[in-house]
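Structural characterization, general
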Amino acid sequence: MFQPLFENLRTEGVPVSLREYLSFLAALKTGIATYDSEVFYYLARTTMVKDERNLDKFDRAFASTFEGLGELSAEDILEAVDIPEEWLRKMAEKHLSPEEMAEIEALGGFDKLMETLQERLKEQEGRHQGGNKWIGTAGTSPFGAYGYNPEGVRIGQKESRHRRAVKVWDKREFKNLDGDVELGTRNIKVALKRLRSWARDGATDELDLEGTIRATAEHGYLDVQMRPERRNAVKVLLFFDIGGSMDPHIRVVEELFSAARTEFKHLEHFYFHNCLYEGVWRDNSRRWNEQTPTWEVLRTYGADYKCIFVGDASMSPYEVAYAGGANEHWNQEAGQVWLERARDQWSSHLWINPVPEQQWEYTHSINMIRDIFPDRMVPMTLAGLDQGMKLLMQ
């Protein structure tokens, strides 16, 4: 019965296995999704999707498989009046408030509702819009589309307006999790979690349950064991390009920075403009008064740091290749020299570029920096960050 869903998932590129499909069927047999389409949707998604990047693909496959499920024609409604009253009541108990249930009972209950619907289908001729009786659109009749009535039956409406019988798979809430789209707040953390190296250090302030059980069994009395909290031991050094051509990317860069601060205990950050030169800064509003010499950064942060540059790499080629090429000050050494020093100091390095990858070939300076960081520039997409985290862990 659900084989088309399995086939559509494979067609959309969701790597669902036969074992996962059988697990889905076994869960259905328990009856947990008998009366609720949303529960059915979440059950299918939970059992057959194992990677966040495939959630939107799942929604597309689900919508394709069950297209038209919530869009009933007049003939469909005539057939629908035979739906068991038990099913309708269970749906009502789950989705309607006590006040809405009282309104339904005032009309005579579900039997009266379905009987009235059938009568109006027979009486009505042509399309009707507005009002509170005929089957149409934008009214308050119990039957129709794009209107409101608490006990209404939706006919010919693509999506719900009042979240009644809403098709959650049409929302495509996980569209931005697709590996080829730019990042948003909800999935940057997912990508950064791939850069983890757990360690236990510091004060022993966490209960070691397994150690306590073992020690108690060995000693014959309760022997509580403590251990340091498990932390992400990766050290990250972030350099953010700020100003100028980076202004359109401020939002996503801020989100990246916010996500990074929550994921990494050992995180240091500095700002630069266009290219790395002899000075960087932590506060952009005081960039000319409180710069930190780049040499000091190179000496302070050891080779065990993961170094990440975030910038569009879009500038005049002179800013990369020549002394004096910077557009805001006279740089004694070319930007390329400083980038090479950073590359040599932190062998685990990466450049994240918010410019779509298909546009990189059209900007000379991007290609120059790609030559400085061979195979180490990735786009600011989920797939790009996933690739970048793997490079940093090598």
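Anything mentioned here points back to the structure above.
Residues numbered from 1 in each chain as written. Predicted model: local features only at pLDDT ≥ 70, side-chain atom pairs only at ≥ 80, totals over all residues. Heavy atoms only, no water.

**Focus: the packing of helix α2 (residues 18–29) against helix α3 (residues 37–48)**
At a minimum axis separation of 8 Å, α2 and α3 run at an interaxial angle of 145°. The crossing of α2 and α3 is right-handed. Every residue of α3 that contacts α2 at Glu20, Tyr21, Phe24, Ala27 and Leu28 is listed here: Phe40, Leu43, Ala44, Thr47 and Met48. Taken together, the residues of the contact of α2 with α3 break down into eight nonpolar, one polar and one charged. (Axes fitted to C-alpha atoms, helices over the stretch in contact; angles between N-to-C directions. Helix = DSSP H or I, 4+ residues; strand = E, 2+ residues; numbered from the N terminus. Left-handed = near helix turned anticlockwise from the far one by under 90°. Contact = heavy atoms within 4.5 Å. Nonpolar A, V, L, I, M, F, W, Y, C, P; charged D, E, K, R; others polar.)

**Quick notes on the pairing of strand β9 (residues 266–272)**
Of all the seven residues making up β9, five are buried; the element is thus mostly covered by neighbouring parts of the structure. In the sheet, strand β8 (residues 235–241) pairs with β9 via seven bridges, with the strands oriented parallel. Opposite Phe239, over in β9, you have Phe270 as the bridge partner. Regarding the hand of the β-α-β motif, the stretch spanning β8, helix α12 (residues 250–263) and β9 is right-handed. (Buried < 20%, exposed > 50% of the residue type's maximum accessible area, 1.4 Å probe, protein only. Pairing = 2+ DSSP bridges. Right-handed = clockwise from strand over helix to strand, strands pointing away.)

**A few points about the environment of Trp346**
Structurally, the position occupied by Trp346 is in the loop between α15 (335–345) and β13 (349–353). The class of Trp346 is buried, set by a relative accessible area of 1%. Here the alpha-carbon distance between Trp346 and Lys306, two residues 40 residues apart in the chain, equals 6.7 Å. Ignoring any residue separated from it by four or fewer positions in sequence, one finds Trp346 in contact with Leu237, Phe239, Val297, Leu298, Tyr301, Gly302, Ala303, Tyr305 and Cys307. A polar contact of 3.1 Å, which involves the side chain of Trp346, links it to the backbone oxygen of Gly302. (Polar contact = N/O pair within 3.5 Å; in protein donor to acceptor, adjacent residues only side chain to side chain.)

**What about the packing of helix α1 (residues 3–12) against helix α4 (residues 55–65)?**
The geometry of a pair of packed helices is captured by two quantities: the angle between their axes and the separation between those axes. Running from N to C, α1 and α4 cross one another at 140°; their axes reach a closest spacing of 9 Å. As summarised for this structure, α1 and α4 are arranged oblique, according to the angle between their axes. As α1 packs across α4, the resulting crossing turns out to be right-handed. Contacts from Pro4, Leu5, Asn8, Leu9 and Glu12 of α1 reach α4 at Lys57, Phe58, Arg60, Ala61, Phe62, Ser64 and Thr65. Considering only residue class, the contact of α1 with α4 consists of six nonpolar, three polar and three charged. (Parallel < 35°, antiparallel > 145°, perpendicular 65-115°, else oblique.)

**Description of the pattern of salt bridges**
The full count for this structure, using the stated rule, is nine salt bridges. With a closest N to O distance of 3.2 Å, Arg60 and Glu12 form a salt bridge. Placement of the pair is Arg60 in helix α4 and Glu12 in helix α1, with a sequence separation of 48 residues. Between Asp304 and Lys235 there is a salt bridge; the shortest N-O distance is 3.0 Å. Of this pair, Asp304 sits in the loop between α13 (294–300) and β12 (306–310) while Lys235 sits in strand β8, and the two are 69 residues apart along the sequence. With a relative accessible area of 28%, Lys235 lands in the partly exposed category. Because the salt bridges share partners, they merge into one network encompassing Glu12, Asp56 and Arg60. (Salt bridge = Lys/Arg side-chain N within 4 Å of Asp/Glu carboxyl O.)

**Here we look at the nonpolar core**
Membership of the largest hydrophobic core comes to 31 residues, with the highest contact counts inside it found for Phe239, Phe309, Leu339, Trp346 and Trp351. Sorting the residues of this core by element identifies β8, β9, α13, β12, α15 and α16 (364–372) as the ones contributing at least two each. At four residues, the largest contribution of residues to this core is made by α16. (Core = buried A, V, L, I, M, F, W, Y, C linked by side-chain atoms within 4.5 Å.)

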